[in-house]
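A structural walkthrough
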Amino acid sequence: MKALIIKFLLFPSVLLLSTQAMAVGLVWGEGNWGDSEWQQEEATPTLTLTLVTSPGVTLTTQAVQGPPAVQVVDSENNPVAGATVTVTLTGGTFSGGTPSAVSAADGVAVFPNLLIDQAGDFSLLYTLVDTDVSIASTVFSVQAPPPPPPPPPPPPTIPEPAPEPIPVPAPVPDPDENAIINNIISVIVIPESDGDIISPETFNSLAEGAAASVNLAQTLAGSIEDANDDEVIDTLNAFGDLASINGDAARQSTANGDSTGATSSGDSGKQMLNSFSTLLTALDSKTNNGDEPAELSGIQKEVVQQSVVKAVSSAVNVLTTLPAGGDARQAVLQDLGKIVSSSVNLGVPLTQEQSDSLLEAAEQSSSADSDVDSQLENSIPIKPANKALLSRDSLNQALGGSVPEEELNLFLQELANAINPADVSIGGVTGEESLNEGFSGSLNGGTSVTVSFDPDTGVITFSITDSVQDSDGLRTISALTQGVNVVGRVISANVVGSGFPEGVSMRANGAMVVASNRIASLVVPASADPVNFYADLRMLGLNSSVADDGNVMVSNGKLFFSGTFDFKGVASGIGERISTGFNLPTGRDESDQEYYFSVIYRDGREQKIQPFVMADNFLSSLSGRKISATISRDTGVISIGELRLRPSYYVLPLNAETEAFWQERADETGLAYRIVDANDDGIVDVQVVSARGVQVVYGLKN
């Protein structure tokens, strides 16, 4: 019997294997595998090929439809697994795709990504490798895509009524853009408070000031690089004064039961806070250009601090005018978070007064709902920019040297997705201290945890110093034992109400929330060695990125691999190697929980990657359909009541048929769903269709 041994290609010391959908780089270390050859043992069995799926009419912009497939059987018509079949195009050549496949357990070899960029009639010739056994497909047609429909005629132009003129000082003719900024500053009218009674004239002045502040923020933000210190200081002072007056108006109107006044002040406050956050974000961008971020001057820091104190205090008063749980309240909270975050980024630490005001705002916005997601939506998100300043030299070395500046900058941006929890301080407690207390507080039996932060990569490591005795509070990380490290990254810190559950809890998307001292840090699993992980993927010619929800995406230009690291920890080293790569999945197929990839790092550590739905707003889309779902990071399983599903690792590009289906069926979040049985196991599966492609979610057996 002739034994089939797969021949591996080392490049260099990188094992390239083909999966159902894309090539994945694997590193096993030098010397672990050598070239293998055919070994003759006994008489070669007679093998034949039969057609399973014939190619259908195909467009030049999509893979050959079907997809085409053949089955390898022996003389007794039994399926043969592990046989390599190649395919050639009769009448032309393929423009892309993988022209070889290995038969599965049922003997079927599938060719899902064959591309033909010329129109005409063709047939496929399948050949069993190292034999003279072949079979031809039926003739099929390849056609050019139809031309796009002509654009609709433009709608008729309806002249808008001229707006009511706002009296403004006549601009002094001056080509200098700074003169425009100074002119807008003069438009902001700071009204005088009329005792405890806010007059209509005051409301009108507030509205005019808030409207002018929007223009001011946009103008100054657009020319922030050219603005001088005096202009920045004058503008910050103007915003601070407007915030202070507006906050007083909101507070007084609410206290006097003046709903009209409260609404007017609230609307003005929303505009002002939004434009103020825009200005601070622009100022933050100005001071963070280049390798060495520019520092604010001492007087600028003092003015930023004073104006932010006034803005935070104003936001607290504005919140009293807004209904709980509404979009307007969440918009104010978002702007409030941006203002405080920009302040931290600009090197201006929070004052005790700001901390107290933030805690008051969080208390006013806290929800009685026990759901963690709902409470986080009504909290104040604070997300300072990444403080992990990676060395360009070390990055260049990890990428093999001589990397173009543009590519190096792109790589830096991909890695700049974690925050330093030590930069977040509320009420004198840092985010790092809160993480330590929140995590250890969830463990019983004397178990303790040490949280450490790597300033070079932004990686957070939770080290378990004792075996977990009772881990009910941790749920998804219950398998941790002494010596195992959980690796993650903090993507936001949130100021929450006093009723928020302390310790460790899980969001619906599987992210971890660690809360203590009114700070709730949102943690997603991360790569233990992000620099070399993404550098080695890039050297393999694969594009990679990681989203704020912890979704790791790898692409070969046509297909996506979509996964997430789990919270089960990083296994100890198994020997150093030259490059990072993936280890083969175990288990039967992607609907099996034991089917997973793992990453082997250069230092030999191993970390699992579980499948993850790549489509944005997946849980929001389900929620809009009145479907409540939760995701486990440690298995990739999506739970909907008693129903359990597990996504594929691969996202296939849209073809003409799936794009038409998506265009017709997409919901308001941009997702559509189709019921299928993708693996023919008799269990319902679901295709998640988005603008980015099609991803199968397999139904699991009970």
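Now for a quick tour of the structure. No experiment lies behind these values; they were computed from the predicted model shown.

So, how was this worked out
- Residues numbered from 1 in each chain as written.
- Predicted model: local features only at pLDDT ≥ 70, side-chain atom pairs only at ≥ 80, totals over all residues.
- Heavy atoms only, no water.
- Helix = DSSP H or I, 4+ residues; strand = E, 2+ residues; numbered from the N terminus.
- Buried < 20%, exposed > 50% of the residue type's maximum accessible area, 1.4 Å probe, protein only.
- Contact = heavy atoms within 4.5 Å.
- Areas by Shrake-Rupley, 256 points an atom, 1.4 Å probe, with all protein chains shown as cover.
- Pairing = 2+ DSSP bridges.
- Axes fitted to C-alpha atoms, helices over the stretch in contact; angles between N-to-C directions.
- Core = buried A, V, L, I, M, F, W, Y, C linked by side-chain atoms within 4.5 Å.
- Phe/Tyr/Trp six-rings, centres within 6.5 Å; stacked < 30°, edge-to-face > 60°.
- Lys NZ or Arg CZ within 6 Å of the ring centre and 35° of its normal.
- Parallel < 35°, antiparallel > 145°, perpendicular 65-115°, else oblique.
- Left-handed = near helix turned anticlockwise from the far one by under 90°.
- Nonpolar A, V, L, I, M, F, W, Y, C, P; charged D, E, K, R; others polar.
- Polar contact = N/O pair within 3.5 Å; in protein donor to acceptor, adjacent residues only side chain to side chain.
- Salt bridge = Lys/Arg side-chain N within 4 Å of Asp/Glu carboxyl O.

Quick look at the overall build of the protein chain
- When its secondary structure is counted, the protein chain shows 14 helices and 32 strands.
- Classification of the 702 residues of the protein chain by burial places 48% in the buried group.
- Put simply, of all contacts in the protein chain between residues at least 6 apart along the chain, 65% involve residues at least 24 apart.
- Here the protein chain displays about 32600 Å² of accessible surface, and carbon together with sulfur accounts for 51% of that area.

So, the sheet that holds strand 8 (residues 108–110)
- Pairing is antiparallel in the open sheet, where three strands are placed in the order 3-5-8. Two strands bound the open sheet, and with one partner strand each, they are strand 3 (47–53) and strand 8. Ignoring strand direction, the axes of neighbouring strands in this sheet form an average angle of 30°.
- As paired strands, strand 5 (residues 69–74) and strand 8 are joined by three bridges and run antiparallel to one another. Following the sheet pairing, Ala-69 is matched in strand 8 by Val-110.

Overview of the nonpolar core
- Residues Leu-236, Leu-358 and Ile-380 are the most contacted members of the largest nonpolar core, which totals 43 residues.
- For this core, the elements supplying multiple residues, two or more each, are helix 3 (229–255), helix 4 (259–286), helix 5 (298–319), helix 6 (327–345), helix 7 (352–365), strand 12 (380–382) and strand 17 (485–495).
- Counting residues per element, this core draws most heavily on helix 5, which supplies nine residues.
- Not counting chain neighbours up to four residues away, the residues in contact with Ile-380 comprise Leu-333, Leu-336, Gly-337, Leu-358, Ala-361, Ala-362, Ala-493, Asn-494 and Val-495.
- In terms of nonpolar packing, the next biggest core, distinct from the first, is built from 30 residues, Tyr-534, Ala-535, Val-570 and Val-599 among them.

Some details on the packing of aromatic side chains
- Enumeration according to the criterion identifies eleven aromatic pairs in this entry.
- For the ring pair Phe-561 and Tyr-649, a centre distance of 5.2 Å and an interplane angle of 10° mean the geometry is stacked. With Phe-561 in strand 23 (residues 560–565) and Tyr-649 in strand 29 (residues 643–652), this residue pair connects regions lying 88 residues apart in the sequence.
- Its relative accessible area of 0% is what places Tyr-649 among the buried residues.
- An aromatic cluster is defined as three or more aromatic residues linked by ring pairs; in this entry it consists of Phe-561, Phe-582, Tyr-595, Phe-597, Tyr-649 and Tyr-650.
- A cation over a ring is seen here: Arg-692 above Phe-560, with NZ or CZ 5.9 Å from the ring centre.

Structural notes on the packing of helix 5 against helix 7
- One can describe the packing of helix 5 onto helix 7 by two numbers: an axis separation of 9 Å at closest approach and a directional angle of 20°. Considered as vectors, helix 5 and helix 7 are oriented roughly parallel to each other. Seen from above, helix 5 lies across helix 7 with left-handed handedness. Between helix 5 and helix 7, the contacting residues are Gln-305, Val-308, Val-309, Val-312, Ser-313, Val-316 and Leu-319 on the first element and Glu-353, Gln-354, Ser-357, Leu-358, Glu-360, Ala-361, Gln-364 and Ser-365 on the second.
- Class assignment of the residues belonging to the contact of helix 5 with helix 7 gives a composition of seven nonpolar, six polar and two charged.

Topic: unusual backbone geometry
- The omega torsion across Gly-66 and Pro-67 is -20°, close enough to zero to call that bond cis.
- Note that Pro-67 resides in the loop between strand 4 (58–59) and strand 5.
- Positive phi is not limited to glycine here, since Asn-617 has a value of about 65°.
- The class of Asn-617 is partly exposed, set by a relative accessible area of 43%.

So, the pairing of strand 29
- The element strand 29 is largely enclosed, with a buried count of seven among its ten residues.
- Here strand 23 pairs with strand 29 via two bridges, running antiparallel. Residue pairing for strand 29: Phe-560 is matched across the bridge by Val-651.
- Relative to strand 29, strand 28 (residues 638–640) runs antiparallel, the two being bridged by three bridges. Paired with Ser-639 across the bridge in strand 29 is Arg-644.
- Here strand 28 folds back onto strand 29 in antiparallel fashion, the turn holding two residues, of which Gly-641 has a positive phi close to 60°.
- Note: strand 29 against strand 32 (residues 693–699), five bridges, orientation antiparallel. Looking across to strand 32, one finds that Leu-652 is bridged to Val-694.

Some points on helix 12 (residues 530–539)
- Of all ten residues that make up helix 12, nine are buried, and the element is covered over most of its length.
- If you check which residues of helix 12 are buried, you get Pro-530, Val-531, Asn-532, Phe-533, Tyr-534, Ala-535, Asp-536, Leu-537 and Arg-538.
- Count one or two residues on from helix 12 and you reach Gly-541, which has phi positive near 85°.

Details of the environment of Leu-51
- Here Leu-51 lies in strand 3.
- Taking C-alpha positions, Leu-51 is 8.5 Å from Pro-68, a pair spaced 17 residues apart along the chain.
- Beyond its immediate stretch of four places on either side in the chain, Leu-51 contacts Ala-69, Val-70, Tyr-126, Ile-135, Ala-136 and Ser-137.

Looking at the packing of helix 5 against helix 6
- Helix 6 packs onto helix 5 with a crossing angle of 165° between their chain directions and a minimal axis gap of 10 Å. Overall, the two elements helix 5 and helix 6 adopt an arrangement that is roughly antiparallel. Between helix 5 and helix 6 the crossing geometry is left-handed. Contacts between helix 5 and helix 6 involve Val-304, Val-308, Ala-311, Val-312, Ala-315, Val-318 and Leu-319 from the former and Arg-329, Val-332, Leu-333, Leu-336, Ile-339, Val-340 and Ser-343 from the latter.

Let's talk about the side chain of Gln-695
- Relative to the helices and strands, Gln-695 resides in strand 32.
- Among the polar contacts listed, one links the side chain of Gln-695 to the backbone oxygen of Phe-612, at a separation of 3.0 Å.
- Within the local environment of Gln-695, its side chain forms a polar contact with the backbone oxygen of Ser-648, the two atoms lying 2.9 Å apart.
- Contacts of Gln-695, omitting those with residues within four sequence positions, involve Ser-562, Phe-612, Val-613, Met-614, Ala-615, Pro-647, Ser-648, Tyr-650, Val-651, Val-686, Gln-687 and Val-688.

Let's talk about the pairing of strand 5
- Here strand 3 runs beside strand 5; their pairing, made up of six bridges, is antiparallel. Within strand 5, the residue paired with Leu-49 across the bridge is Val-72.

Structural notes on the pattern of salt bridges
- Summed over all chains, the structure comprises eight salt bridges.
- For the salt bridge of Asp-373 with Arg-507, the shortest nitrogen-to-oxygen distance reads 2.6 Å. Separated by 134 residues along the polypeptide, Asp-373 in helix 8 (residues 372–377) and Arg-507 in the loop between strand 18 (503–506) and strand 19 (512–516) bring together distant segments of the chain.
- For Asp-373, a relative accessible area of 16% puts it in the buried group.
- In this structure, Arg-665 engages Glu-664 in a salt bridge whose closest nitrogen and oxygen atoms are separated by 3.8 Å.
- Among the residues examined, Arg-665 registers a relative accessible area of 47% and is labelled partly exposed.

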